[in-house]
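Spelled out from the first residue to the last, the chains are:
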Amino acid sequence: MKSSSSAPVTIRVGAPIGVADPRLFGSFVEHLGRGVYGGIYEPGHGSATPEGFRGDVLDLVRELGVTVVRYPGGNFVSGYDWRDGIGPRASRPRRLDLAWKSIETNQFGTDEFAAWCRAAGVEPMLAVNLGLGDVKSALELLEYTNHPHGTSLADERAANGAPEPYDVRVWCLGNELDGPWQLGHRSAQEYAELAATTASAMRMFDPDLELVAVGSSNADMETFGTWEATVLTRTIELVDYLSCHIYFYDDGDLAAFLRSADALDQFLERIAATIEHVRTVTRSTRDVKISLDEWNVWNYRDYDDIKAEREFEVAPRLLEQTYTHADAVVVGTLLQSILRHADSVSIAALAQLVNAIGAIRAEPDAPAWRQTIFHPFAAVARSAGHTVLATTSAGDISTAATVSPDGAEARLYLANRSLDSPAALEIDLSGIGAETVISAHLLHDDDPGATNTVDAPDRVAPRPLDAELVRGRVVVLLPPLSWADITVACRPNRG
Ligand code: AHR
């Protein structure tokens, strides 16, 4: 490690950017690999609840601080008939899942998901199938979940054990229909019409639903930009959010991978600019926000392996990426980027929650454990509902700051992305009456490739960090490739 002989970098904390909507700390459960079966649901596991939910996973979900969970896909939803997943389990059909070359047993469906959300204390966010599905099926799902009683669908839900409606507020109008890999892939114009028809019909049931139109599957899509403009021009008066997805991976250039958040900044700013452009040309006053409803580190080069020689199987081990310390630093900086865009992004979902590119890992014979990326997420989720303050970032230093609604507590999230130099930082909190450091934690490992495993589940975990408050400034030294969260008590300015 080089020594930090250079002068400390001063980080300034300035004006409010926006409020961190609690839904920024969402996640995603898809019928993919062992995300559901062997992930959140495993009736035979030692920790299983009476409903068959893994209790150890539920505990970690609560600790992670997840607020909202998107379900049931993902690519899966574009071939899914929600009716297959309700009613007596013994008569639910086994189906091929073409998206993930799997067999879907349908032992877990909409009712189980709603019950799991209640157990986990999270809000459900459902996607309707606009791939091979249709508007009628979407409306029937909506009636099944949200109508109180007195229709056959609502009464069917009651007969299936849920007399009270689930009252799901946020609905995704399909998934990644811009992608040629998607069942039911469409042109932007075709999707725009379908989304508009579906949204209008859903609003006839409940005008206050929060609807999410499909945006781009990633920043490299050829249609990125034109897709958003086309879809939103047709749907701007009918939807509340425009979705977008993005994944990052290390293609061998670790330093470049560590700058992933710069690309996320640009992606979000371009989408926000496109929304603003559509508002201008349509003369709309509608405040459409971004739903970043899939984001993470994912080495999606293994995606093609899914399609390779493999039989259709129940809950195969797919996308079980073991995250490294470097991945955790990147996820921490992506969370900083999400906070810095709190003015335009209102929903974000870490994709995914368990096993398949999950923050939590679960094996049949062992307690579930926290992947490295769990830690920055859990730290930043504590800022739900806080006001995000503008901060300066420079070079390898990436930052974000929030302050609680009563002004009594500030949180700093700091990353040193350098691979060889420590960073001495002074964060100037004099403008918000900083009084004392309450806690400070560091995520650091000398090995960027360090992982958490069933045998060493806490190898990469937050450890106490020395941080002092000197004349309104937090003074701290971050080792190379590290990420920190610091909580500071403040004297709110009541004047
Ligand atoms: O999260 C994994 C997959 O990534 C989702 O199913 C799909 O929407 C995206 O391509």
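Residues numbered from 1 in each chain as written. Predicted model: local features only at pLDDT ≥ 70, side-chain atom pairs only at ≥ 80, totals over all residues. Heavy atoms only, no water.

Trainee: What is the right way to read the overall build of the chain from this model?
Mentor: Scanning the chain from N- to C-terminus turns up eleven helices and 23 strands. Its C-alpha atoms give the chain a radius of gyration of 23 Å, within 12% of the compact-globule value 23 Å for 495 residues. Dimensions along the principal axes, computed over C-alpha positions, put the chain at roughly 70 × 60 × 45 Å. Across the 495 residues in the chain, those meeting the buried criterion constitute 60%. When the accessible surface of the chain is split by element, carbon and sulfur atoms take 51% of a total near 18800 Å². Side-chain charges of the chain comprise 42 positive and 69 negative groups, with the mean position of each set lying 3 Å from the other. (Helix = DSSP H or I, 4+ residues; strand = E, 2+ residues; numbered from the N terminus. Rg over C-alpha atoms; globule rule 2.2 N^0.38 Å. Buried < 20%, exposed > 50% of the residue type's maximum accessible area, 1.4 Å probe, protein only. Areas by Shrake-Rupley, 256 points an atom, 1.4 Å probe, with all protein chains shown as cover. Lys, Arg positive; Asp, Glu negative; His and termini not counted. Charge placed at Lys NZ, Arg CZ, Asp CG, Glu CD.)

Trainee: Whenever I open this one, the site of the ligand confuses me. Can you help?
Mentor: Close to the ligand lie F28, E30, G74, N75, W100, N175, E176, Y247, E294, W298, Q352 and I357, which account for all nearby residues. Here an oxygen atom of the ligand sits 2.7 Å away from a polar atom, N or O, in the side chain of E294. Q352 places a side-chain nitrogen or oxygen 2.9 Å from an oxygen atom of the ligand. Protein burial of the ligand: of its 290 Å² of free accessible surface, 96% is covered by the chains. According to the grid-proximity analysis, the pocket containing the ligand is the largest pocket. (Near = heavy atom within 4 Å. Polar contact = N/O pair within 3.5 Å; in protein donor to acceptor, adjacent residues only side chain to side chain. 1 Å grid on protein atoms, 1.4 Å probe; cavity = no way out; pocket = protein on both sides within 12 Å on 5 of 7 lines; lining within 4 Å. Sits in = over half its atoms within 2 Å of the grid points.)

Trainee: How do you make sense of the sheet that holds strand 17 (residues 409–416) when you look at a structure like this?
Mentor: Hydrogen bonding along the main chain pairs the strands of a sheet, whether they run parallel or antiparallel. The strand order across the open sheet built from ten strands is 20-19-23-17-16-15-1-18-22-21, with neighbouring strands paired in mixed fashion. Of all the strands in the sheet, just strand 20 (463–464) and strand 21 (467–470) have a single pairing partner and so form its edges. Relative to strand 23 (residues 482–490), strand 17 runs antiparallel, the two being bridged by eight bridges. In the strand pairing of strand 23, A415 is matched with W483. Running over the sheet, helix 10 (residues 325–340) touches strand 1 (9–19), strand 15 (387–391), strand 16 (397–403), strand 17, strand 19 (434–444) and strand 23 and is turned about 50 degrees from strand 16. The sheet strands contacting helix 11 (residues 374–381) are strand 17, strand 19 and strand 23, and the helix crosses strand 23 at an angle near 20 degrees. (Pairing = 2+ DSSP bridges. Contact = heavy atoms within 4.5 Å. Axes fitted to C-alpha atoms, helices over the stretch in contact; angles between N-to-C directions.)

Trainee: Can you help me understand unusual backbone geometry in this one?
Mentor: Negative phi characterises most residues that are not glycine, and trans characterises most peptide bonds. At the junction of Y71 and P72, the peptide bond is cis and its omega measures out at 5 degrees in the coordinates. With an omega dihedral of 5 degrees, the bond running from A351 to Q352 counts as a cis peptide bond. Counting through the fold element by element, Q352 comes out in the loop between strand 12 (345–351) and strand 13 (360–361). Backbone geometry places R283, a non-glycine residue, at a positive phi of 55 degrees.

Trainee: Honestly, the layout of surface pockets in this entry has me stumped. Any pointers?
Mentor: Over the atoms, a rolled probe matching the size of one water molecule traces out where space is still vacant. There is about 750 Å³ of room inside the largest pocket. Together, 37 residues line the largest pocket, and N218, D220, I246, Y247 and Y300 are the ones closest to its centre. Counting only elements with at least two residues in the lining of the largest pocket, the list comes to strand 9 (241–248), helix 7 (254–257), helix 8 (260–282) and helix 9 (303–307). Ranked by the residues each element gives to the lining of the largest pocket, the list is headed by helix 8, at five residues. Its residues assigned to classes, the lining of the largest pocket shows 20 nonpolar, seven polar and ten charged. Roughly 260 Å³ of volume is contained in the second largest pocket. Lining the second largest pocket are 16 residues; nearest its centre among them are D111, E112, A115, N160 and Y166. Class assignment of the residues belonging to the lining of the second largest pocket gives a composition of six nonpolar, three polar and seven charged. (Points joined across faces, edges and corners; volume = space filled by probe spheres on them. Nonpolar A, V, L, I, M, F, W, Y, C, P; charged D, E, K, R; others polar.)

Trainee: Sorry if this is basic, but what is going on with the packing of aromatic side chains here?
Mentor: Aromatic rings in a pair are described by how distant their centres are and how their planes are angled relative to each other. For the structure shown, the criterion picks out 13 aromatic pairs. Their ring planes at 45 degrees and their centres at 5.2 Å tell us that W82 and Y144 sit as a pair that is tilted. Of this pair, W82 sits in the loop between strand 3 (68–71) and strand 4 (95–97) while Y144 sits in helix 3 (residues 135–146), and the two are 62 residues apart along the sequence. Y144 matches W82 in its accessibility class, with the two residues each being buried. Pairing Y191 with W227 gives two aromatic rings, centres 5.6 Å apart and planes at 15 degrees, and the pair type is stacked. (Phe/Tyr/Trp six-rings, centres within 6.5 Å; stacked < 30°, edge-to-face > 60°.)

Trainee: Where do I start with helix 10 in this structure?
Mentor: An α-helical turn contains 3.6 residues, so a residue and the one three or four places further along point in the same direction. End to end, helix 10 covers 23 Å across 16 residues, agreeing with the expected 22 Å (1.5 Å per residue, within 8%). Where burial is concerned, most of helix 10 is hidden: 16 out of the 16 residues are buried. With a side-chain oxygen lying 3.3 Å from the backbone nitrogen of A326, the N-terminal cap of helix 10 falls on T324. (Expected span 1.5 Å × (residues − 1).)

Trainee: What am I meant to see in the pairing of strand 23 here?
Mentor: Across a regular strand the side chains alternate sides, sitting on one face of the sheet and then on the other. Judged by how many residues are buried, strand 23 sits mostly within the fold: nine of nine residues are covered. Sheet topology note: the strand 19/strand 23 ladder contains nine bridges and is antiparallel. Counterpart to A440 in the pairing with strand 23 is I486.

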